[in-house]
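# Structural features, examined
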Amino acid sequence: MSRWAGQPSIKGSTEAVRMALLTLNTIGITFVWGVEQTYCTPYLLSLGLTKSKTSLVWIAGPLSGLIVQPIVGALADESTSKWGRRRPFIVLGSILSAFCLLTLGFTKEIVEFFVPEHPATQTVTITTAVMAIYAVDFSINAVMSAARSLVVDTLPIEKQQTGSAWGSRMSAIGHGIAYATGAIDLPSILGTSLGDTQFKQLTVIAALGLVFTCGVTSWAVTERILIAPRHDPRKEEGGFKVISQIWSTIVNLPPRIRAICMAQFWAWIGWFPFLFYSTTWIGETYFRYDVARDAKDSGDALGEIGRVGSEAFIIYSVITFLGSWILPMIIKSPDDESYTQRPPEALRGIVENFNKYKPELLTAWMWGHATFAGAMLFAPFAKSFRFATFLVCLCGLPWNIASWAPSAFLGVEVNKLSGAAGPNASYRRLSHSSSVEMEEIKGSTLDPEDSRSGSKSNTTGQLSGVYFGILNIYTTIPQFIGTILSTIIFSILEPGKSPELAHNAHPNEHHGTDGPNAIAVCLFIGACSAVVAIFATRKLKYL
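Residues numbered from 1 in each chain as written. Predicted model: local features only at pLDDT ≥ 70, side-chain atom pairs only at ≥ 80, totals over all residues. Heavy atoms only, no water.

## Notes on the overall build of the protein chain
Scanning the protein chain from N- to C-terminus turns up 20 helices and six strands. A burial count over the protein chain gives 57% of its 543 residues as buried. Partitioning the intrachain contacts of the protein chain with sequence separation of at least 6 by distance along the chain shows that 86% fall at a separation of at least 24. If you sum the accessible surface of the protein chain, you get close to 22600 Å²; carbon and sulfur atoms cover 64% of it. (Helix = DSSP H or I, 4+ residues; strand = E, 2+ residues; numbered from the N terminus. Buried < 20%, exposed > 50% of the residue type's maximum accessible area, 1.4 Å probe, protein only. Contact = heavy atoms within 4.5 Å. Areas by Shrake-Rupley, 256 points an atom, 1.4 Å probe, with all protein chains shown as cover.)

## Side note on a nonpolar patch on the surface
A contiguous nonpolar patch, built from Leu 377, Phe 378, Phe 381, Ile 477, Ile 481, Leu 485, Phe 524 and Ile 525 and spanning about 640 Å² of accessible area, is present on the exposed surface. Elements that contribute at least two residues to the nonpolar patch include exactly helix 19 (464–493) and helix 20 (518–538). Here the nonpolar patch takes three residues from helix 19, the largest share from any one element. On the accessibility criterion, Ile 525 (31% relative accessible area) is partly exposed. (Patch = residues over 30% accessible without salt bridge, like charges linked within 9 Å, V, L, I, M, F, W, Y side chains within 5 Å. Salt bridge = Lys/Arg side-chain N within 4 Å of Asp/Glu carboxyl O.)

## Section: the packing of helix 1 (residues 15–23) against helix 10 (residues 198–220)
In the contact formed by helix 1 and helix 10, the axes pass within 7 Å of each other and the chain directions differ by 125 degrees. It follows that helix 1 is oblique to helix 10 by the angle criterion. Side by side, helix 1 and helix 10 meet where Leu 21, Leu 22 and Thr 23 of the first sit next to Val 216, Thr 217 and Ala 220 of the second. Of the residues that constitute the contact of helix 1 with helix 10, the class distribution is four nonpolar, two polar and no charged. (Axes fitted to C-alpha atoms, helices over the stretch in contact; angles between N-to-C directions. Parallel < 35°, antiparallel > 145°, perpendicular 65-115°, else oblique. Nonpolar A, V, L, I, M, F, W, Y, C, P; charged D, E, K, R; others polar.)

## A word on the nonpolar core
Among the nonpolar cores identified, the biggest contains 93 residues, and Trp 271, Phe 274, Trp 281, Ile 282 and Met 376 are the most heavily contacted of them. Ranked by residues supplied to this core, first place goes to helix 7 (residues 121–154) with 14 residues. Discounting residues that sit within four places of it in the chain, Met 376 has contacts with Phe 274, Leu 391, Val 392, Cys 395, Leu 523, Phe 524 and Ala 527. One finds Ala 259, Ile 401, Val 414 and Val 466 within the second-largest nonpolar core, a separate group that totals 35 residues. (Core = buried A, V, L, I, M, F, W, Y, C linked by side-chain atoms within 4.5 Å.)

## What to know about the side chain of Thr 30
With respect to the secondary-structure elements, Thr 30 resides in helix 2 (residues 25–46). Judged by its relative accessible area of 7%, Thr 30 is buried. With residues up to four places along the chain from it excluded, the contact list for Thr 30 reads Met 170, Ser 171, Gly 174 and His 175.

## Digging into the packing of helix 5 (residues 87–105) against helix 10
Between helix 5 and helix 10, the shortest axis-to-axis distance is 8 Å and the interhelical angle comes to 175 degrees. Our classification of the angle between helix 5 and helix 10 gives roughly antiparallel. Along the contact surface, helix 5 presents Arg 87, Ile 90, Val 91, Ser 94, Ile 95, Ser 97, Ala 98, Leu 101, Leu 102, Leu 104 and Gly 105, while helix 10 presents Phe 199, Lys 200, Thr 203, Val 204, Ala 206, Ala 207, Leu 210, Val 211, Cys 214 and Ser 218. Class assignment of the residues belonging to the contact of helix 5 with helix 10 gives a composition of 14 nonpolar, five polar and two charged.

## Remarks on the pattern of salt bridges
Considering all chains together, one arrives at nine salt bridges under this definition. Across the pair Asp 77 and Arg 86 runs a salt bridge, and its minimum N-O distance is 2.6 Å. The exposure class of Arg 86 is buried, given its relative accessible area of 0%. Across the pair Asp 196 and Lys 200 runs a salt bridge whose closest N-O atoms are separated by 2.7 Å.

## Comments concerning the side chain of Glu 36
Relative to the helices and strands, Glu 36 is located in helix 2. The charged side chain of Glu 36 is buried without a salt bridge, its nearest counter-charge being Arg 148 at 13 Å. (Lys, Arg positive; Asp, Glu negative; His and termini not counted.)

## Points about the packing of aromatic side chains
The final tally for this structure, using the stated rule, is 21 aromatic pairs. When the ring of Phe 113 is compared with that of Phe 114, the centres are 5.1 Å apart and the planes differ by 90 degrees; the resulting orientation is edge-to-face. When the centroid spacing of 6.2 Å and the interplanar angle of 50 degrees are considered together, the rings of Phe 274 and Phe 313 count as tilted. Taken together, the positions of Phe 274 in helix 12 (residues 255–290) and Phe 313 in helix 13 (residues 301–330) put the pair 39 residues apart, joining distant regions of the chain. The same class applies to Phe 274 as to Phe 313, namely buried. Following the ring pairs from residue to residue traces out a cluster consisting of Tyr 179, Trp 268, Trp 271, Phe 274, Phe 313, Tyr 316, Phe 372 and Trp 399. Taking NZ or CZ as reference, Arg 169 lies 4.3 Å from the ring centre of Trp 325, over its face. (Phe/Tyr/Trp six-rings, centres within 6.5 Å; stacked < 30°, edge-to-face > 60°. Lys NZ or Arg CZ within 6 Å of the ring centre and 35° of its normal.)

## Structural notes on the environment of Thr 483
Looking at the element boundaries, Thr 483 is found in helix 19. Taking relative accessible area as the criterion, Thr 483 reaches 1% and is therefore assigned buried.

Right, here's the structure in full:
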């Protein structure tokens, strides 16, 4: 068995403060994703890439998730660093991500510095931008892996849904900030101090925000220190140890965890095109059906499409933010049967009567799939950006549940497998007046084997990094599928360059706009996959 030193703890005088500090890094992470999802597709199209080639660039997301998150999770699970298992990956990953973001934002300037006025300048610029996107995706996935596992490691089993709900709230805030800053004309407000274009300034703000939020979370959370990892005879020694452990765990997944992963698999075939192309879809719909012909030749089409998409997603973000606070209060936690928080005596009768009618999280997850599917089935029929915005906003609450339910269910299952249960398995808080250094925590070692019968808090999510890495594999494989499907659809329906963005291209190189919007067709196919996700999620009821 593993041997540990100290206890997990979070600074803060109230639970709300502690939860906010624990999940604050999610704001920085989702801000980065929001900027990438809103601006990078039209940015690549403005450089002259076709939609089919742009879709191949977005294989960076699933590729990085497939490789980075499981490996980082497995490495962190066995880390014996004095700073903890997760925080070093969070801090170092955020710094690397910030550097790559700045490279992406100032790609043209960097290339022109090394390759001034050369025929190959545009090709080098496109290559550098694509490589920067890959680097951002790889590094931010390392941060995500460690951040998710930090929540599971720190919180007891009855707080897993609360932690996931707070993560969803912080995600909504991060996306809201990203879309709000993307919707306003930053250069007119900030001048050129952070760059002379909207995209440059957004990458600077995103880089600073990521480093700051990850730094605050790492400061506020104290992890247990792993003294000696457990011995697993299934593991091989040598360079393939991590891969062997991941494969062995996938093959031997418990039935409920496998069912959670399969539900995530089918759901993400639908969510992938929605997250990466919907802002571009709204912007294209706006340019094709709502803008006067003489206004289509905008000098800053990239900024216009980004701002229109961001304005629509501000409404979406408001819905997701409100949902992240309201839904956890009206949906029953998956561990309510084993733990129920005692309400105030004056409200006891009202709360108990209300609890009888609260839907289960599993039911809400199924309804979320259904709502998303119902909305996206109408995507090919959107002929105005207002209707497209309405369809996107309908997906706000389903995204809340999709962001929160898999982590909540998996967190409960991982803690059950680890033997942590009940209110005694709680973290220790640190008040504002107390200060515990890492060296002091090393003073007390905990051997779960010796205290197995005396405490249920002996381990919390020992292999959470591996299990969440595997969940991410089931999240990224459908993204590969979505990338292949979108590449085929874009090649058939819109094989040329974007008429809205690629103004430097010859008109003969532009694709037509008379047929169905290719992105809308991808969203329709995603809706069909969400229908399958309903039945995959339903299997959890019988396991």
